[in-house]
Amino acid sequence: MKNLETIAIRTQYERTDSSEHSVPLYLTSSYVFEDAEDMRSQFAEEKEGHIYSRYANPNVEEFIEKLRLMEGAEAGWATATGMAAVFSCFAGLLKSGDHIVSSRSVFGSTHKLFTEILPKWGIETTYVDAQDLNGFQSAIRPETKILYAETPSNPALEILDLEAIGAICKKNNILFAIDNCFATPILQRPIELGADIVIHSATKYIDGQGRTLGGAILSSKEVIGQIKGFARHSGPALSPFNAWVLSKSIETLSLRMERHSDNALKIAELLEKHEGVQSVRYPFLASHPNHTLAKKQMSLGGGIVTFEIKGGIEAGKQFLDHLKMFSLTANLGDTRSIATHPASTTHSKLHPEERAEVGITDGLVRLSIGLENWKDIWEDIDQALRFLRPK
Ligand SMILES: *Cc1c(COP(=O)(O)O)cnc(C)c1O
């Protein structure tokens, strides 16, 4: 069993005496012991077992085991949200005085951790532009412990060279962590390309149906051991119910990622030809600045397309108001197509110069292309762009 589609479906928690085909939901907060000696040895970690669902649960174990195998990691840990995974990674591995180097374009809440929360405990972060390989090398200090990045990044869709940065991290003996939320292991396997840690917001494509929050960290036994040491006692545990939902979702992840990517490529190509559109960004378009690299390290381009609408901030808002089918919501990676306008929403608190630094212009629209028929997706975009044309 080595192909991802099969792993995703056939990795199952062992059956109970009821011989169920589908794994049941273990909605239990704690577990009973056979006797006092069994209890002692489990607490002493001499014997494996479940003690309490903040530490371990069969549904959570099944979910993380699937992702562990799919990412090709030695070990994994599941969390309640993607941000709990990001935070647990830093809290478990770093101490006061340590330093992080990060690519500049990162998820909004990760940026808040770097700029407002981690500095409270004396952990500083230096940002580097994703394309600046020398910049990564020169930002590394003796106290640097982790190099962190997203590829493709949100929402700029920058592609970072995993092999080249992995080599820099190895040379400097620091950990290389990748937020693989946009690609999932179906499109990109960072550990094979030199990353030490992979982080997921399972809320996005892994659930893919807009139902639950969830997160995961995949790495070596040693790294996960340290993260577990923090997480077991601070409590960012994934709920058994959400793990049960997510574990089922993973079974269809490969099919969904293929369709998201096919639909997104079609839409990106059509947008590129549209007169109301200034520019389009999609990793598998030949016009993407890192197109060759994207094709090398990803099997398909993923479901996110961004484009620059002619007419700036007002045109961006008007485009959203004219959409009929697209959902206006903060999530992404859903079966339903979603549109957002970062300059007036998620990134509105940044100064225009700060937005420009992370690739967000006033007219930038982010589309999370869903699984509806692409013709209906395009029809909605096309009719909403009509307001731009002179009447
Ligand atoms: C959504 C997201 C997160 C955070 O995940 P939550 O499940 O919302 O906590 C982290 N990184 C990226 C790239 C995301 O898109």
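Residues numbered from 1 in each chain as written. Predicted model: local features only at pLDDT ≥ 70, side-chain atom pairs only at ≥ 80, totals over all residues. Heavy atoms only, no water.

(A) Region of the structure containing the packing of helix α4 (residues 82-93) against helix α9 (residues 221-234). Running from N to C, α4 and α9 cross one another at 100°; their axes reach a closest spacing of 8 Å. Viewed along their axes, α4 and α9 adopt a mutual orientation that is roughly perpendicular. Across the interface between the two elements, Phe87, Ser88, Cys89, Ala91, Gly92 and Leu93 of α4 pack against Val223, Gln226, Ile227 and Phe230 of α9. Considered class by class, the residues forming the contact of α4 with α9 number 7 nonpolar, 3 polar and no charged. (Axes fitted to C-alpha atoms, helices over the stretch in contact; angles between N-to-C directions. Helix = DSSP H or I, 4+ residues; strand = E, 2+ residues; numbered from the N terminus. Parallel < 35°, antiparallel > 145°, perpendicular 65-115°, else oblique. Contact = heavy atoms within 4.5 Å. Nonpolar A, V, L, I, M, F, W, Y, C, P; charged D, E, K, R; others polar.)

(B) Layout of the nonpolar core. With 61 residues, the main nonpolar core has Phe63, Leu271, Phe307, Phe319, Leu367 and Ile381 as its most contacted residues. Looking at which element gives the most residues to this core, the answer is helix α11 (residues 253-272), with 6 residues. The residue makeup of this core includes at least three contributed by each of domain 1 (4-250) and domain 2 (253-386). Setting aside its immediate chain neighbours within four residues, Phe307 contacts Leu271, Val277, Ser279, Val280, Phe319, Gly363, Leu364, Val365, Leu367 and Leu385. The next biggest cluster of nonpolar side chains, apart from the first, holds 25 residues, and it includes Leu93, Ile100, Leu118 and Ile146. (Core = buried A, V, L, I, M, F, W, Y, C linked by side-chain atoms within 4.5 Å. Buried < 20%, exposed > 50% of the residue type's maximum accessible area, 1.4 Å probe, protein only. Domains from an automatic or database assignment.)

(C) Molecular detail of empty space enclosed by the protein. For the structure shown, the criterion picks out 2 cavities of 30 Å³ or more. Taken as a whole, the largest cavity encloses approximately 90 Å³ of empty space. Taken together, Ile9, Thr11, Gln12, Ser22, Val23, Asn59, Glu62, Lys66, Trp244, Ser247, Lys248 and Glu251 make up the full set of residues lining the largest cavity. Of all the elements in the fold, those that place two or more residues in the lining of the largest cavity are α3 (58-71) and α10 (240-250). In the lining of the largest cavity, the residues fall into 3 nonpolar, 5 polar and 4 charged. Reported here for the second largest cavity is a volume of approximately 40 Å³. Pro152, Leu157, Phe182, Pro283, Met298, Gly301, Gly302, Gly303 and Ile304 are the residues that line the second largest cavity. Both domains that meet at the lining of the second largest cavity, namely domain 1 (4-250) and domain 2 (253-386), each give it at least three residues. (1 Å grid on protein atoms, 1.4 Å probe; cavity = no way out; pocket = protein on both sides within 12 Å on 5 of 7 lines; lining within 4 Å. Points joined across faces, edges and corners; volume = space filled by probe spheres on them.)

(D) Quick peek at the sheet that holds strand β8 (residues 277-281). If you trace the 4 strands from one edge of the open sheet to the other, you get β8-β9-β11-β10, paired in antiparallel fashion. The sheet is open, and its two edges are formed by β8 and β10 (338-340), each paired on a single side. Here the average twist between neighbouring strands, direction ignored, is 20°. As defined by bridge partners, strand β9 (residues 304-309) adjoins strand β11 (residues 364-368) across 5 bridges and the pair is classed as antiparallel. Across the sheet, residue Phe307 finds its bridge partner in β11, namely Val365. (Pairing = 2+ DSSP bridges.)

(E) Representation of the pattern of salt bridges within the structure. Applying the stated rule across the entire model yields 17 salt bridges. Between Glu163 and Lys296 there is a salt bridge; the shortest N-O distance is 3.2 Å. Residue Glu163 is located in helix α7 (residues 162-172), and its partner Lys296 is located in helix α12 (residues 291-297); the two are separated by 133 residues in the primary sequence. (Salt bridge = Lys/Arg side-chain N within 4 Å of Asp/Glu carboxyl O.)

(F) Up close: the site of the ligand. Around the ligand, the surrounding shell holds 13 residues, and the nearest of these are Gly82, Met83, Asp179, Thr203 and Lys204. Between the ligand and the protein, one listed contact pairs an oxygen atom with a side-chain N or O atom of Lys204 at 2.7 Å. Relative to its free-state accessible area of 380 Å², the ligand is covered by the protein chains to the extent of 91%. Here the shell around the ligand is composed, by residue class, of 4 nonpolar, 6 polar and 3 charged. (Near = heavy atom within 4 Å. Polar contact = N/O pair within 3.5 Å; in protein donor to acceptor, adjacent residues only side chain to side chain. Areas by Shrake-Rupley, 256 points an atom, 1.4 Å probe, with all protein chains shown as cover.)

(G) A look at α4. Look at α4: 17 Å from first C-alpha to last across 12 residues, which is about the 16 Å you get at 1.5 Å a residue. Burial within α4 is extensive, with 9 of its 12 residues counted as buried. Within α4, burial applies to Gly82, Ala84, Ala85, Val86, Ser88, Cys89, Phe90, Gly92 and Leu93. Between the side-chain oxygen of the N-cap and the backbone nitrogen of Met83 there are 3.4 Å, and the N-cap of α4 in question is Thr81. (Expected span 1.5 Å × (residues − 1).)

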